[in-house]
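# Structural characterization, general
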Amino acid sequence: MSKPTLDVTPHPQPAGAAERAALMQNPAFGHVFTDHMITLRHSAERGWHDWRLEPRHAFDLDPGTLSLHYAQEIFEGLKAYRLPDGGATLFRPDANARRFRASAERLAMPLLPEEIFTGSVRALVDADRDWIPSAEGASLYLRPFMIGTEVALPPEPSAAHLFCVIASPVAAYFKGGAAGVTLWVSETYTRAAPGGTGAAKCGGNYAASLVAQAEGRREGCDQVVFLDAVERRWVEELGGMNVFFVFDDGSLQTPPLTGTILPGITRDSLITLARGMGLAVREEPYAIDQWQADAQSGRLREAFACGTAAVVTPIGRVKGARHGFVIGNGEAGPAAARLKAALTDIQFGRAADPHGWLDRLP
Ligand code: PLP
Ligand code: COI
């Protein structure tokens, strides 16, 4: 099967500068989209084919499309950043490409070659370059995803797939960003069980978390923190973010990658940066009761959530049916601030990139 080549159809009427500027004025996360999209199809007979960069448009899907019934869907999230010289860069897109392949494997979908994933993302950013915000902390969020498109109702792996990338200019994920967010400990719902899809970035994981998120909102919380499904004891992650704990000896801890949490690229980058600062980082389980005890004794100094959308977000308070505690003074702490600065200074090209994480666009 031959390798696909990208067919480019520029938008006949892209948004004008004034319209774009108005749309990009502090947009709510993921509500504004750029002019173009990437599409690419896969079938057993033809392999990857019909690779296109085209004006963003709606899909025409038959109501019998498999993924509408059985959620055979995976996605990624990464960002393009505006550099001080006006250029643009991606951050570790190869890591997203690899995770996309791992998710595809878990969902019985075809494995997209890494270079087609990164080539698609680069081509879209290049076409929609003017949509990369230059406001402080803002960036262009990229959302690659894939769905099963076979029209059939037996719950079998789809014989046809559509890969697509869309882009959305974004500001901070949490309004009021830097202050500590409040988490709801879900005792009723879990996110992922051993043997399940927790380590895959598939839509179903998020669908299953929404009712817990709604419960948290009713309790006045910003996000849900999930416990493990077996013992209901170990802190796993948030609905869309990994979690770190900072102790009074300066060390950090984050739950290990045992298959039920998403292997976050921000998590991995922060582990590398923290170790580079000489800080000890443990990937070890942490119990919710211990979290409360350590917050109350002062042994725990800070906790923060991290992810592409959330970057580094301090956790101020934790609330639940059996728990309720404040971390530090409930506000952003110095370790989270220092790690966030180290990460974003690299991403925005304000600091050297010793790990080769940036993928600069020509
Ligand atoms: N955990 C979940 C469930 C997520 O959705 C995300 C966001 O992508 C993360 C963790 C953080 O992953 P990353 O740092 O790769 O964005
Ligand atoms: C991301 O950070 O990329 C996520 O996917 C989290 C959320 C927007 C689902």
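Nothing here was measured: the structure is a model prediction, and the numbers come from that model. (Residues numbered from 1 in each chain as written. Chains lettered and ligands numbered in written order. Predicted model: local features only at pLDDT ≥ 70, side-chain atom pairs only at ≥ 80, totals over all residues. Heavy atoms only, no water.)

### Let's talk about helix α5 (residues 203-218)
Relative to the 22 Å expected for 16 residues at 1.5 Å per residue, α5 spans 23 Å between its end C-alpha atoms, a close match to the ideal helical length. The sharpest bend along α5 measures roughly 35° and falls at L210. Those residues of α5 that fall on the buried side of the exposure criterion are N205, Y206, S209, A212, Q213, E215 and G216. Looking at the buried positions of α5, the neighbouring elements they touch are β4 (73-75), β9 (181-185) and β10 (223-227). (Helix = DSSP H or I, 4+ residues; strand = E, 2+ residues; numbered from the N terminus. Expected span 1.5 Å × (residues − 1). Bend = angle between axes of the 7 residues up to and from the residue. Buried < 20%, exposed > 50% of the residue type's maximum accessible area, 1.4 Å probe, protein only. Contact = heavy atoms within 4.5 Å.)

### Observations concerning the site of ligand 1
Lining the immediate environment of ligand 1, one finds 17 residues, of which K201, Y206, E237, T266 and T308 sit closest. T308 places a side-chain nitrogen or oxygen 2.6 Å from an oxygen atom of ligand 1. Within the complex, 96% of the 380 Å² of free accessible area of ligand 1 lies under protein. Broken down by secondary-structure element, the contributors of at least two residues to the shell around ligand 1 are β11 (235-238), α6 (265-276) and β15 (300-307). Counted by class, the shell around ligand 1 contains 6 nonpolar, 7 polar and 4 charged residues. (Near = heavy atom within 4 Å. Polar contact = N/O pair within 3.5 Å; in protein donor to acceptor, adjacent residues only side chain to side chain. Areas by Shrake-Rupley, 256 points an atom, 1.4 Å probe, with all protein chains shown as cover. Nonpolar A, V, L, I, M, F, W, Y, C, P; charged D, E, K, R; others polar.)

### Notes on the domain arrangement of the protein
By domain assignment, the protein separates into domain 1 (7-170) and domain 2 (181-347). Put simply, the middle of domain 1 and the middle of domain 2, counted by C-alpha atoms, are 27 Å apart. Contacts between the two partners involve 20 residues from domain 1, matched on the other side by 20 residues from domain 2. Regarding the contact of domain 1 and domain 2, the summed buried area is about 1600 Å², with carbon and sulfur atoms giving 60% of it. At the boundary of domain 1 with domain 2, the tally comes to 1 salt bridge. Residues R92 and D268 are paired through a salt bridge, measuring 2.9 Å at the closest nitrogen-oxygen approach. There are 10 residue pairs in polar contact (both at pLDDT 80 or more) connecting domain 1 and domain 2. Broken down by secondary-structure element, the contributors of at least two residues to the side of domain 1 that touches domain 2 are β4, β5 (78-82), β6 (88-91) and α3 (93-106). Top element by residues in the side of domain 1 that touches domain 2 is α3. It accounts for 5 residues. When the residues that make up the side of domain 1 that touches domain 2 are grouped by side-chain class, the tally is 10 nonpolar, 4 polar and 6 charged. (Domains from an automatic or database assignment. Buried area = accessible area lost by both parts, 1.4 Å probe. Salt bridge = Lys/Arg side-chain N within 4 Å of Asp/Glu carboxyl O.)

### Points about the nonpolar core
Burial of nonpolar side chains together is a common tendency in soluble globular proteins. Ranked by internal contacts, the top residues of the largest apolar core, which has 36 residues, are L142 and F163. At the level of secondary structure, the elements contributing two or more residues to this core comprise β2 (36-43), β3 (47-55), β5, β6, α3, α4 (114-127), β7 (139-148) and β8 (160-170). Examining the composition of this core, we find that 6 residues originate from one element, α4, more than from any other. Excluding its chain neighbours within four sequence positions, the residues that come into contact with F163 are I38, T39, L40, W48, F100, L112, F117, S120, P144, F145 and M146. Judged by nonpolar contacts, the second largest core, of 24 residues, contains V185, L227, V235 and A303. (Core = buried A, V, L, I, M, F, W, Y, C linked by side-chain atoms within 4.5 Å.)

### Side note on the pairing of β7
Residues in a regular strand point their side chains to alternate faces of the sheet. Burial of β7 is extensive: 9 of the 10 residues sit out of reach of the surface. Here 3 bridges tie β4 to β7, and the two strands are oriented antiparallel to one another. Bridged to I74 within β7 is M146. Bridging between β5 and β7 involves 3 bridges; their strand directions are antiparallel. Bridging from a neighbouring strand, A80 pairs with L140 of β7. (Pairing = 2+ DSSP bridges.)

### Some points on the pairing of β15
With 7 of 8 residues buried, β15 is to be regarded as a mostly interior element. Bridge analysis of strand β12 (residues 242-247) against β15 gives 6 bridges, and the strand direction is antiparallel. Bridge pairing links F244 to F304 in β15. As paired elements, β15 and strand β16 (residues 311-320) share 4 bridges and run antiparallel to each other. Paired with A305 across the two strands is T313, which belongs to β16. What sits between β15 and β16 in their antiparallel hairpin is a turn of 3 residues.

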